[in-house]
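Commentary on secondary and tertiary structure
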Amino acid sequence: MKLGIVGLPNVGKSTLFNSLTKAGAESANYPFCTIDPNVGIVAVPDERLKLLGDMYHSKKVTPAAIEFVDIAGLVKGASKGEGLGNQFLSNIREVDAIVHVVRCFEDSNVVHVDGSVNPLRDIETINLELIFSDLEILERRISKVVKAARMDKTLAKEEALLGRIKEHLESGKMAKSLEVEDEDERALLCSYNLLTYKPVIYAANVAEEDLADDGESNPMVAEVRKFAAGEGSEVFVICAQIEQEIAELEDDEKAMFLEDLGIEKSGLDKLIAASYRILGLMSFLTAGEDETRAWTIKVGTKAPQAAGKIHSDFERGFIKAEVVNYKDLLEQGSLAAAREKGLVGMEGKDYVVQDGDVILFRFNV
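Here's what I pulled together on the structure shown here. Source: prediction; values computed, not measured. (Residues numbered from 1 in each chain as written. Predicted model: local features only at pLDDT ≥ 70, side-chain atom pairs only at ≥ 80, totals over all residues. Heavy atoms only, no water.)

A look at the packing of helix H4 (residues 119–149) against helix H5 (residues 156–170)
It is at 10 Å that the axes of H4 and H5 come closest, and there the two elements cross at 155°. On the basis of the axis angle, H4 is roughly antiparallel to H5. Judged by the sense of rotation from one axis to the other, the crossing of H4 with H5 is left-handed. Of the residues in H5, those in contact with Ile 131, Asp 134, Leu 135, Leu 138, Glu 139, Arg 141, Ile 142, Val 145, Val 146 and Ala 149 of H4 are Glu 158, Glu 159, Leu 162, Ile 165, Lys 166, Leu 169 and Glu 170. Grouping the constituent residues of the contact of H4 with H5 by class yields 10 nonpolar, no polar and 7 charged. (Axes fitted to C-alpha atoms, helices over the stretch in contact; angles between N-to-C directions. Helix = DSSP H or I, 4+ residues; strand = E, 2+ residues; numbered from the N terminus. Parallel < 35°, antiparallel > 145°, perpendicular 65-115°, else oblique. Left-handed = near helix turned anticlockwise from the far one by under 90°. Contact = heavy atoms within 4.5 Å. Nonpolar A, V, L, I, M, F, W, Y, C, P; charged D, E, K, R; others polar.)

Topic: the pattern of salt bridges
Any two side chains of opposite charge can pair, given that their charged atoms come close. A complete count under the given rule lists 26 salt bridges for this structure. Between Lys 59 and Asp 290 there is a salt bridge; the shortest N-O distance is 3.1 Å. With Lys 59 in the loop between helix H2 (47–56) and strand E3 (60–62) and Asp 290 in the loop between strand E8 (281–286) and strand E9 (291–298), this pair connects stretches of sequence that are 231 residues apart. As far as the burial class goes, Lys 59 and Asp 290 line up, both exposed. The network of salt bridges with common partners includes Asp 214, Glu 216, Arg 225 and Lys 270. (Salt bridge = Lys/Arg side-chain N within 4 Å of Asp/Glu carboxyl O. Buried < 20%, exposed > 50% of the residue type's maximum accessible area, 1.4 Å probe, protein only.)

Some points on the sheet that holds strand E4 (residues 65–70)
Spatial strand order, E2-E4-E1-E5-E6-E7: 6 strands in an open sheet with mixed pairing. A single partner strand is all that each edge strand has here, and the edge strands are strand E2 (38–43) and strand E7 (234–238). Each strand axis lies, on average, 25° off the axis of its neighbour in the sheet, ignoring direction. Pairing geometry for strand E1 (residues 2–6) and strand E5 (residues 97–103), over 4 bridges, is parallel. (Pairing = 2+ DSSP bridges.)

Here it is as structure tokens:
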């Protein structure tokens, strides 16, 4: 999974990236200190893996991973080359979802690029830049399809769709709110890789005192939540500064620190949960002496396709999947004991994999 972090300068974007990845991207109180997109790979924390790894005495425990791409602070006119320009927008074309950091705190020591703190105005500024960037991509595609459609009448449908998307974007709306007529149109819309079609998770960056009640008493967070609900986006509340402090701590210290702050989950935990939800993802597990590992798949994936995540041969020669829930496996202490209790199912090609399934695939190529 690949997530792109965007936001205006000085909203806490690089501070958040640093804390998520401990990659040490430079963060300073001025725009454009992030010149190249910083990339960091983060292991997805998963207690289930550790417990299974201990049970099997696994030589290796491999968690799922998320790649974060931190884009330099965008400003009004970025799509036309203002600030450091459109080059940054191209860096997020390949991400699965966009994490949009929005400032929801007042601090006279941290300058705001527009002179005052207003999260909805900030969201609109970034969204317009994404729209302008997408229009540029569309113009090129339209000119190509219009030429080809003279010779190939099958392209008439795509030409009409492109016209509708362009009109939709020009009215200030995001591509993801466009109603498509059928699955063919949806597939085409996906293929254009538009920034305004990507799922968005808003990170509402608050002051430390707003963390304990998850931003409930912060009117700016309420505005962001209302806006996000209207477009089907996710929101999570963080204090980027606190996240940076958490990132420096060992796991046991981390738990105590969170407890002292009166919060249950770190920003990374909240972000991972939000990204899995918005992208419709989950994990199944494989466990053994050599390796215990988490595999990320789409919710609704059937057993052969899940097997294909491990190796294409597993999918091609799929016979059966031996499936047990990780809690049952841990409670029984071994696969053999779980089998004896009838807790292990032998599943076929139509089995839909569930989150937390521990699977042993049987295949023959």
